[in-house]
Amino acid sequence: MTVTSPAGFEAAGIAAGIKRSGALDLSLVVNRGPSSAAAAVFTSNRAKANPILWSEQVILDGVVSAIVLNSGGANCFTGPEGFQVTHRTAEAAASALGVAAGDVLVCSTGLIGDQLDGEVLEEGVLSAAARLSTEGGDDAARAIMTTDTRPKTVVVEGDGWQVGGMAKGAGMLAPGLATMLVVLTTDADLPSDELDAALREATRVTFDRLDSDGCMSTNDQVTLLASGASGIAPDRGAFRAAVTEACRSLAEQLQADAEGASHDIAIEVRGAVTEDDAVEVGRSVARNNLFKAAIFGNDPNWGRVLAAIGTTQAPFDPYLVDVSMNGVRVCHAGRPDAPREQVDLTPRATHVLVELHAGAASATILTNDLTHDYVHENSAYAS
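What you see is a predicted model, and the numbers here were worked out from it, not measured in a lab. (Residues numbered from 1 in each chain as written. Predicted model: local features only at pLDDT ≥ 70, side-chain atom pairs only at ≥ 80, totals over all residues. Heavy atoms only, no water.)

J.: Break down the sheet that holds strand E5 (residues 104-109) for me, with residues and values.
T.: Backbone-to-backbone hydrogen bonds join strands into a sheet, with any given pair of strands oriented parallel or antiparallel. Spatially, E1-E2-E4-E5 is the arrangement adopted by the four strands of the open sheet, whose pairing is mixed. Looking at the sheet topology across the chains shown, the edges are occupied by strand E1 (9-14) and E5. Within the sheet, the average angular offset between the axes of one strand and its neighbour, ignoring direction, is 10 degrees. As judged from the five bridges shared by strand E2 (residues 26-31) and strand E4 (residues 66-71), these two strands associate in the antiparallel manner. In the sheet register, Val30 faces E4, and the bridge partner there is Ala66. (Pairing = 2+ DSSP bridges. Helix = DSSP H or I, 4+ residues; strand = E, 2+ residues; numbered from the N terminus. Axes fitted to C-alpha atoms, helices over the stretch in contact; angles between N-to-C directions.)

Pasting the structure below:
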(Lines give C-alpha, C1' and ligand atoms only; values in the text may rest on other atoms or scores of the structure.)
Protein backbone atom coordinates (compact mmCIF):
# COMPACT_ATOMS: atom_id res chain seq x y z
CA MET A 1 0.00 0.00 0.00
CA THR A 2 1.07 3.58 -0.54
CA VAL A 3 -1.12 6.61 0.08
CA THR A 4 -3.54 4.33 1.91
CA SER A 5 -0.97 3.09 4.42
CA PRO A 6 -1.67 5.91 6.90
CA ALA A 7 -5.00 5.49 8.68
CA GLY A 8 -7.95 7.50 7.42
CA PHE A 9 -7.35 7.22 3.67
CA GLU A 10 -8.98 5.33 0.84
CA ALA A 11 -8.05 5.32 -2.84
CA ALA A 12 -8.92 3.84 -6.21
CA GLY A 13 -7.36 3.70 -9.64
CA ILE A 14 -9.47 2.83 -12.67
CA ALA A 15 -9.54 2.85 -16.46
CA ALA A 16 -12.00 5.65 -17.19
CA GLY A 17 -11.45 5.60 -20.94
CA ILE A 18 -9.23 8.68 -21.17
CA LYS A 19 -6.32 6.69 -22.60
CA ARG A 20 -6.92 4.94 -25.91
CA SER A 21 -4.85 2.01 -24.67
CA GLY A 22 -7.45 1.14 -22.03
CA ALA A 23 -4.84 1.44 -19.27
CA LEU A 24 -5.61 2.81 -15.81
CA ASP A 25 -5.98 6.55 -16.13
CA LEU A 26 -7.91 8.03 -13.19
CA SER A 27 -7.08 8.06 -9.49
CA LEU A 28 -9.13 9.18 -6.51
CA VAL A 29 -7.63 9.64 -3.04
CA VAL A 30 -10.01 10.45 -0.19
CA ASN A 31 -9.27 11.68 3.33
CA ARG A 32 -11.86 10.21 5.72
CA GLY A 33 -10.58 12.27 8.65
CA PRO A 34 -11.29 13.17 11.36
CA SER A 35 -9.07 16.04 10.13
CA SER A 36 -8.96 17.40 6.58
CA ALA A 37 -5.83 19.54 6.87
CA ALA A 38 -3.75 19.91 3.72
CA ALA A 39 -0.95 21.78 2.02
CA ALA A 40 0.29 21.93 -1.56
CA VAL A 41 3.01 23.45 -3.70
CA PHE A 42 2.70 24.11 -7.42
CA THR A 43 4.76 24.71 -10.50
CA SER A 44 6.21 28.20 -10.84
CA ASN A 45 5.75 28.00 -14.60
CA ARG A 46 3.65 30.99 -15.70
CA ALA A 47 1.89 28.69 -18.16
CA LYS A 48 -0.36 26.84 -15.71
CA ALA A 49 -2.80 24.08 -16.53
CA ASN A 50 -6.47 24.39 -15.60
CA PRO A 51 -6.20 21.94 -12.68
CA ILE A 52 -3.41 24.07 -11.19
CA LEU A 53 -5.55 27.21 -11.45
CA TRP A 54 -8.39 25.36 -9.70
CA SER A 55 -6.26 23.73 -7.01
CA GLU A 56 -4.44 26.95 -6.13
CA GLN A 57 -7.81 28.32 -5.00
CA VAL A 58 -8.93 25.15 -3.23
CA ILE A 59 -5.83 24.98 -1.03
CA LEU A 60 -6.10 28.55 0.27
CA ASP A 61 -8.07 27.53 3.37
CA GLY A 62 -5.88 24.48 4.06
CA VAL A 63 -8.84 22.09 3.91
CA VAL A 64 -8.99 19.20 1.38
CA SER A 65 -11.28 16.20 1.46
CA ALA A 66 -10.20 14.48 -1.76
CA ILE A 67 -7.94 14.71 -4.78
CA VAL A 68 -8.72 13.51 -8.31
CA LEU A 69 -5.85 12.82 -10.69
CA ASN A 70 -6.04 11.81 -14.33
CA SER A 71 -3.41 10.77 -16.84
CA GLY A 72 -3.92 10.84 -20.59
CA GLY A 73 -4.35 14.61 -20.92
CA ALA A 74 -2.83 17.68 -19.24
CA ASN A 75 -5.90 19.94 -19.67
CA CYS A 76 -3.55 22.83 -20.34
CA PHE A 77 -4.16 25.54 -22.97
CA THR A 78 -7.65 24.17 -23.52
CA GLY A 79 -9.52 27.43 -22.97
CA PRO A 80 -12.59 28.08 -20.78
CA GLU A 81 -13.93 24.65 -21.74
CA GLY A 82 -10.90 23.05 -20.12
CA PHE A 83 -11.46 24.89 -16.86
CA GLN A 84 -15.09 23.79 -16.89
CA VAL A 85 -13.92 20.19 -17.23
CA THR A 86 -11.77 20.65 -14.12
CA HIS A 87 -14.70 22.22 -12.26
CA ARG A 88 -17.00 19.41 -13.40
CA THR A 89 -14.49 16.83 -12.18
CA ALA A 90 -14.41 18.38 -8.71
CA GLU A 91 -18.20 18.62 -8.62
CA ALA A 92 -18.51 14.93 -9.53
CA ALA A 93 -16.19 13.95 -6.69
CA ALA A 94 -18.01 16.22 -4.27
CA SER A 95 -21.38 14.72 -5.20
CA ALA A 96 -20.12 11.15 -4.87
CA LEU A 97 -18.39 11.76 -1.54
CA GLY A 98 -20.78 14.20 0.10
CA VAL A 99 -18.18 16.96 0.42
CA ALA A 100 -17.80 20.48 -0.99
CA ALA A 101 -16.37 20.88 -4.49
CA GLY A 102 -14.19 23.64 -3.05
CA ASP A 103 -12.46 20.97 -0.95
CA VAL A 104 -11.50 18.77 -3.92
CA LEU A 105 -8.12 19.16 -5.60
CA VAL A 106 -7.72 18.17 -9.26
CA CYS A 107 -4.53 17.11 -11.06
CA SER A 108 -4.02 16.21 -14.72
CA THR A 109 -1.04 14.94 -16.68
CA GLY A 110 -0.43 14.15 -20.31
CA LEU A 111 -0.25 15.99 -23.62
CA ILE A 112 -0.73 19.78 -23.58
CA GLY A 113 -3.48 21.13 -25.81
CA ASP A 114 -5.76 18.09 -25.92
CA GLN A 115 -9.30 18.72 -24.68
CA LEU A 116 -10.51 16.20 -22.10
CA ASP A 117 -14.04 14.81 -22.26
CA GLY A 118 -15.91 16.10 -19.22
CA GLU A 119 -18.50 13.33 -19.38
CA VAL A 120 -15.82 10.64 -19.41
CA LEU A 121 -14.11 12.22 -16.43
CA GLU A 122 -17.36 12.62 -14.51
CA GLU A 123 -18.34 9.00 -15.06
CA GLY A 124 -14.82 7.93 -14.17
CA VAL A 125 -14.89 9.81 -10.88
CA LEU A 126 -18.20 8.20 -9.95
CA SER A 127 -16.84 4.78 -10.83
CA ALA A 128 -13.68 5.37 -8.81
CA ALA A 129 -15.70 6.56 -5.82
CA ALA A 130 -17.61 3.27 -5.87
CA ARG A 131 -14.34 1.33 -5.70
CA LEU A 132 -12.61 3.25 -2.92
CA SER A 133 -10.83 1.08 -0.38
CA THR A 134 -7.85 1.01 1.93
CA GLU A 135 -6.27 -1.41 -0.55
CA GLY A 136 -6.56 0.97 -3.50
CA GLY A 137 -3.23 2.74 -3.21
CA ASP A 138 -1.34 0.57 -5.71
CA ASP A 139 -3.93 1.02 -8.47
CA ALA A 140 -4.05 4.75 -7.74
CA ALA A 141 -0.28 4.97 -8.23
CA ARG A 142 -0.50 3.13 -11.56
CA ALA A 143 -3.37 5.23 -12.87
CA ILE A 144 -1.33 8.45 -12.81
CA MET A 145 1.50 7.05 -14.96
CA THR A 146 2.20 8.48 -18.43
CA THR A 147 5.63 7.63 -19.85
CA ASP A 148 6.58 6.09 -16.50
CA THR A 149 7.66 2.46 -16.71
CA ARG A 150 6.70 1.71 -13.11
CA PRO A 151 4.77 3.28 -10.23
CA LYS A 152 6.60 5.25 -7.55
CA THR A 153 5.47 4.75 -3.96
CA VAL A 154 6.81 5.18 -0.44
CA VAL A 155 5.90 4.66 3.22
CA VAL A 156 7.83 6.19 6.13
CA GLU A 157 7.10 5.00 9.65
CA GLY A 158 6.84 7.46 12.52
CA ASP A 159 6.24 6.80 16.21
CA GLY A 160 2.61 5.68 15.99
CA TRP A 161 1.98 7.55 12.73
CA GLN A 162 2.98 7.23 9.08
CA VAL A 163 3.65 9.16 5.90
CA GLY A 164 2.65 7.50 2.63
CA GLY A 165 3.10 8.70 -0.91
CA MET A 166 2.87 8.16 -4.64
CA ALA A 167 4.38 10.03 -7.58
CA LYS A 168 4.44 10.10 -11.35
CA GLY A 169 7.01 11.60 -13.64
CA ALA A 170 9.60 10.50 -16.16
CA GLY A 171 10.06 13.60 -18.30
CA MET A 172 9.80 17.38 -17.88
CA LEU A 173 11.58 17.02 -14.57
CA ALA A 174 12.95 20.37 -13.46
CA PRO A 175 12.35 22.42 -10.32
CA GLY A 176 9.74 25.04 -9.63
CA LEU A 177 8.51 24.37 -6.07
CA ALA A 178 7.53 20.92 -7.24
CA THR A 179 8.23 18.58 -10.08
CA MET A 180 5.64 16.12 -11.46
CA LEU A 181 2.52 14.95 -9.57
CA VAL A 182 2.90 13.75 -5.99
CA VAL A 183 0.35 12.89 -3.32
CA LEU A 184 1.57 12.47 0.26
CA THR A 185 -0.68 11.33 3.10
CA THR A 186 -0.24 11.16 6.85
CA ASP A 187 -2.36 10.13 9.81
CA ALA A 188 -0.48 12.58 12.04
CA ASP A 189 -2.70 15.20 13.65
CA LEU A 190 -1.26 18.51 12.50
CA PRO A 191 -2.76 21.80 11.26
CA SER A 192 -2.35 22.98 7.68
CA ASP A 193 0.30 25.57 8.53
CA GLU A 194 2.55 22.86 9.98
CA LEU A 195 1.95 20.71 6.91
CA ASP A 196 2.81 23.62 4.64
CA ALA A 197 6.07 24.36 6.44
CA ALA A 198 7.11 20.70 6.38
CA LEU A 199 6.20 20.28 2.72
CA ARG A 200 8.03 23.39 1.54
CA GLU A 201 11.16 22.46 3.45
CA ALA A 202 11.04 18.92 2.05
CA THR A 203 10.48 19.96 -1.57
CA ARG A 204 13.26 22.55 -1.31
CA VAL A 205 15.92 19.90 -0.71
CA THR A 206 14.44 17.04 -2.77
CA PHE A 207 12.13 17.70 -5.72
CA ASP A 208 13.60 21.15 -6.30
CA ARG A 209 16.98 19.49 -6.73
CA LEU A 210 15.85 16.93 -9.26
CA ASP A 211 16.76 18.37 -12.65
CA SER A 212 16.57 15.51 -15.10
CA ASP A 213 16.10 17.41 -18.34
CA GLY A 214 15.77 21.10 -17.49
CA CYS A 215 12.13 21.22 -18.63
CA MET A 216 9.50 22.56 -16.23
CA SER A 217 5.98 21.21 -16.51
CA THR A 218 2.76 23.23 -16.58
CA ASN A 219 1.02 20.74 -14.27
CA ASP A 220 3.42 20.14 -11.36
CA GLN A 221 1.77 19.69 -7.98
CA VAL A 222 2.82 18.14 -4.68
CA THR A 223 0.06 17.69 -2.10
CA LEU A 224 0.19 16.65 1.55
CA LEU A 225 -3.03 15.48 3.23
CA ALA A 226 -3.40 14.81 6.98
CA SER A 227 -6.25 12.73 8.41
CA GLY A 228 -5.32 13.03 12.08
CA ALA A 229 -6.56 9.45 12.47
CA SER A 230 -3.61 8.41 14.64
CA GLY A 231 -4.53 11.04 17.22
CA ILE A 232 -0.83 11.86 17.52
CA ALA A 233 0.71 15.30 17.01
CA PRO A 234 4.34 14.38 16.37
CA ASP A 235 7.38 16.45 17.17
CA ARG A 236 7.83 19.08 14.47
CA GLY A 237 11.38 18.00 13.65
CA ALA A 238 10.47 14.32 13.46
CA PHE A 239 7.55 15.02 11.15
CA ARG A 240 9.57 17.24 8.84
CA ALA A 241 12.28 14.60 8.68
CA ALA A 242 9.73 11.93 7.73
CA VAL A 243 8.18 14.09 5.00
CA THR A 244 11.65 14.90 3.66
CA GLU A 245 12.58 11.22 3.66
CA ALA A 246 9.43 10.36 1.72
CA CYS A 247 10.07 13.12 -0.81
CA ARG A 248 13.71 12.11 -1.23
CA SER A 249 12.73 8.51 -1.91
CA LEU A 250 10.17 9.55 -4.50
CA ALA A 251 12.61 12.00 -6.13
CA GLU A 252 15.20 9.24 -6.48
CA GLN A 253 12.57 6.90 -7.95
CA LEU A 254 11.66 9.57 -10.47
CA GLN A 255 15.30 10.03 -11.38
CA ALA A 256 15.75 6.28 -11.85
CA ASP A 257 12.80 6.13 -14.26
CA ALA A 258 13.67 9.22 -16.31
CA GLU A 259 12.84 8.86 -19.98
CA GLY A 260 15.52 6.94 -21.84
CA ALA A 261 18.22 7.52 -19.21
CA SER A 262 21.12 5.11 -18.80
CA HIS A 263 22.88 6.95 -15.94
CA ASP A 264 21.52 8.41 -12.70
CA ILE A 265 23.88 11.28 -11.91
CA ALA A 266 24.34 12.88 -8.49
CA ILE A 267 26.25 16.16 -8.78
CA GLU A 268 27.57 17.02 -5.33
CA VAL A 269 28.97 20.51 -4.86
CA ARG A 270 31.06 21.26 -1.81
CA GLY A 271 32.95 24.29 -0.61
CA ALA A 272 30.49 26.91 -1.85
CA VAL A 273 30.02 30.25 -0.12
CA THR A 274 26.25 29.66 0.26
CA GLU A 275 23.85 26.80 -0.30
CA ASP A 276 22.23 28.76 -3.12
CA ASP A 277 25.63 29.03 -4.79
CA ALA A 278 26.11 25.28 -4.50
CA VAL A 279 22.70 24.68 -6.07
CA GLU A 280 23.45 27.08 -8.92
CA VAL A 281 26.78 25.40 -9.66
CA GLY A 282 25.29 21.89 -9.52
CA ARG A 283 22.38 22.87 -11.74
CA SER A 284 24.72 24.39 -14.34
CA VAL A 285 26.32 20.96 -14.76
CA ALA A 286 22.99 19.12 -14.69
CA ARG A 287 21.67 21.22 -17.56
CA ASN A 288 24.79 21.04 -19.71
CA ASN A 289 24.01 18.84 -22.71
CA LEU A 290 27.68 18.34 -23.57
CA PHE A 291 28.35 16.94 -20.09
CA LYS A 292 25.23 14.77 -20.18
CA ALA A 293 26.14 13.40 -23.61
CA ALA A 294 29.66 12.59 -22.38
CA ILE A 295 28.29 10.59 -19.45
CA PHE A 296 26.04 8.69 -21.87
CA GLY A 297 29.20 7.75 -23.77
CA ASN A 298 30.96 6.72 -20.52
CA ASP A 299 33.43 9.56 -21.10
CA PRO A 300 34.75 11.25 -17.90
CA ASN A 301 35.15 14.59 -19.66
CA TRP A 302 35.77 16.80 -16.64
CA GLY A 303 36.53 19.81 -18.84
CA ARG A 304 32.82 20.06 -19.57
CA VAL A 305 32.15 20.32 -15.83
CA LEU A 306 34.51 23.26 -15.44
CA ALA A 307 33.12 24.95 -18.55
CA ALA A 308 29.59 24.59 -17.15
CA ILE A 309 30.30 25.96 -13.68
CA GLY A 310 32.18 28.89 -15.19
CA THR A 311 28.87 30.26 -16.50
CA THR A 312 27.47 30.80 -13.00
CA GLN A 313 27.56 33.87 -10.77
CA ALA A 314 28.71 31.88 -7.73
CA PRO A 315 31.93 33.21 -6.17
CA PHE A 316 34.88 30.81 -6.56
CA ASP A 317 38.21 30.61 -8.36
CA PRO A 318 37.94 28.20 -11.32
CA TYR A 319 41.65 27.49 -11.03
CA LEU A 320 41.26 26.10 -7.50
CA VAL A 321 38.42 23.68 -8.33
CA ASP A 322 38.71 19.90 -7.96
CA VAL A 323 36.49 17.45 -9.84
CA SER A 324 36.04 13.76 -9.03
CA MET A 325 34.00 11.19 -10.92
CA ASN A 326 32.94 7.95 -9.25
CA GLY A 327 35.63 8.38 -6.61
CA VAL A 328 38.51 9.30 -8.93
CA ARG A 329 39.83 12.88 -8.76
CA VAL A 330 40.39 13.72 -12.41
CA CYS A 331 40.97 17.45 -11.91
CA HIS A 332 42.90 19.17 -9.11
CA ALA A 333 43.19 22.96 -8.84
CA GLY A 334 42.01 23.41 -12.39
CA ARG A 335 44.58 20.97 -13.82
CA PRO A 336 44.56 17.30 -14.85
CA ASP A 337 44.97 14.85 -11.97
CA ALA A 338 44.33 11.08 -12.21
CA PRO A 339 44.13 9.64 -15.76
CA ARG A 340 40.61 9.50 -17.15
CA GLU A 341 41.05 5.82 -17.85
CA GLN A 342 40.81 5.15 -14.10
CA VAL A 343 37.16 6.30 -14.03
CA ASP A 344 34.55 3.59 -14.52
CA LEU A 345 31.30 5.09 -15.80
CA THR A 346 29.67 1.82 -16.83
CA PRO A 347 27.49 1.55 -13.67
CA ARG A 348 24.15 3.35 -13.84
CA ALA A 349 24.89 5.26 -10.63
CA THR A 350 27.27 8.15 -11.34
CA HIS A 351 28.69 10.49 -8.71
CA VAL A 352 30.34 13.77 -9.67
CA LEU A 353 31.99 15.74 -6.88
CA VAL A 354 32.84 19.40 -7.46
CA GLU A 355 35.04 20.98 -4.75
CA LEU A 356 34.95 24.77 -5.07
CA HIS A 357 37.21 25.60 -2.09
CA ALA A 358 35.36 28.86 -1.54
CA GLY A 359 33.30 28.23 1.61
CA ALA A 360 31.53 25.61 3.70
CA ALA A 361 28.17 25.19 1.98
CA SER A 362 27.10 22.20 -0.10
CA ALA A 363 24.22 20.80 -2.15
CA THR A 364 23.49 17.86 -4.43
CA ILE A 365 21.57 18.01 -7.72
CA LEU A 366 20.12 14.85 -9.28
CA THR A 367 20.06 14.49 -13.05
CA ASN A 368 20.42 11.95 -15.89
CA ASP A 369 22.42 11.54 -19.06
CA LEU A 370 21.24 12.57 -22.52
CA THR A 371 20.54 9.49 -24.63
CA HIS A 372 19.27 8.46 -28.06
CA ASP A 373 16.23 6.93 -26.34
CA TYR A 374 15.34 10.23 -24.65
CA VAL A 375 15.34 12.06 -27.98
CA HIS A 376 13.36 9.29 -29.67
CA GLU A 377 10.75 9.08 -26.92
CA ASN A 378 10.13 12.81 -26.90
CA SER A 379 10.05 13.08 -30.67
CA ALA A 380 7.29 10.45 -30.79
CA TYR A 381 5.35 11.36 -27.63
CA ALA A 382 2.34 12.91 -29.35
CA SER A 383 1.97 10.16 -31.94
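J.: Go over the packing of aromatic side chains with me, naming the residues and quoting the values.
T.: Throughout the structure, instances matching the rule amount to two aromatic pairs. Between Trp161 and Phe239, the ring centres sit 5.7 Å apart and the planes meet at 50 degrees, which makes this aromatic pair tilted. Placement of Trp161 in the loop between strand E6 (152-157) and strand E7 (162-168) and of Phe239 in helix H6 (residues 236-256) is noted, with a sequence separation of 78 residues between them. (Phe/Tyr/Trp six-rings, centres within 6.5 Å; stacked < 30°, edge-to-face > 60°.)

J.: Lay out the packing of helix H7 (residues 275-286) against helix H9 (residues 302-309) with the relevant residues and their values.
T.: Closest axis-to-axis distance for the H7/H9 pair is 8 Å, and the angle between their directions is 130 degrees. Taken together, H7 and H9 sit at an angle that is classed as oblique. Between H7 and H9 lies a crossing whose hand is right-handed. Counting all contacts with H7, which are made through Val281, Ser284 and Val285, the residues of H9 involved are Val305, Ala308 and Ile309. Grouping the amino acids of the contact of H7 with H9 by side-chain chemistry returns five nonpolar, one polar and no charged. (Parallel < 35°, antiparallel > 145°, perpendicular 65-115°, else oblique. Left-handed = near helix turned anticlockwise from the far one by under 90°. Contact = heavy atoms within 4.5 Å. Nonpolar A, V, L, I, M, F, W, Y, C, P; charged D, E, K, R; others polar.)

J.: Now, about the pairing of strand E12 (residues 328-332): what can you tell me, with residues and values included?
T.: Relative to E12, strand E11 (residues 322-325) runs antiparallel, the two being bridged by three bridges. The partner of Ser324 across the bridge, within E12, is Arg329. Counting the residues in the hairpin turn of E11 and E12 gives two residues, including Asn326, whose phi is positive at 45 degrees. Relative to strand E13 (residues 335-336), E12 is paired through two bridges, and the arrangement is antiparallel. Residue Cys331 lies in a different strand from E13, and its bridge partner there is Pro336.

J.: Requested: an account of the sheet that holds E13, with residues and values cited.
T.: Ordered by their spatial adjacency, six strands build an open sheet running E13-E12-E11-E14-E10-E15, and the pairing between neighbours is mixed. Single-partner strands in this sheet number two, and they are E13 and strand E15 (361-368). Of the strand pairs in this sheet, E11 and strand E14 (residues 349-355) are connected by four bridges, and their pairing is antiparallel. When the bridges of E14 are listed, Asp322 appears paired with Glu355. H6 rests against strand E10 (264-272) and E15 of the sheet, and its axis sits at about 40 degrees to E15.

J.: Before we move on, could you go through the environment of Ala129 and cite the residues and values that matter?
T.: Relative to the helices and strands, Ala129 resides in helix H3 (residues 118-130). A residue is classified by how much of its surface remains accessible, and Ala129, at 18% relative accessible area, is buried. Distance from Ala129 to Glu355, taken between C-alpha atoms, is 53 Å for residues 226 residues apart in sequence. With sequence-adjacent residues up to four places away left out, Ala129 is seen in contact with Leu28, Ala96 and Leu97. (Buried < 20%, exposed > 50% of the residue type's maximum accessible area, 1.4 Å probe, protein only.)

J.: Please provide a residue-by-residue account of helix H2 (residues 79-97), values included.
T.: Note that an α-helix has 3.6 residues per turn; residues three or four places apart therefore point the same way. For H2, built from 19 residues, the straight-helix expectation of 27 Å at 1.5 Å per residue is met to within 8% by its first-to-last C-alpha distance of 28 Å. Buried within H2 we find Gly82, Val85, Thr86, Thr89, Ala90, Ala92, Ala93, Ala94 and Leu97. Its buried side turned inward, H2 meets E2, helix H1 (50-58), E4, E5 and H3. Phi turns positive, to about 70 degrees, at Gly98, one or two residues after H2. (Expected span 1.5 Å × (residues − 1).)

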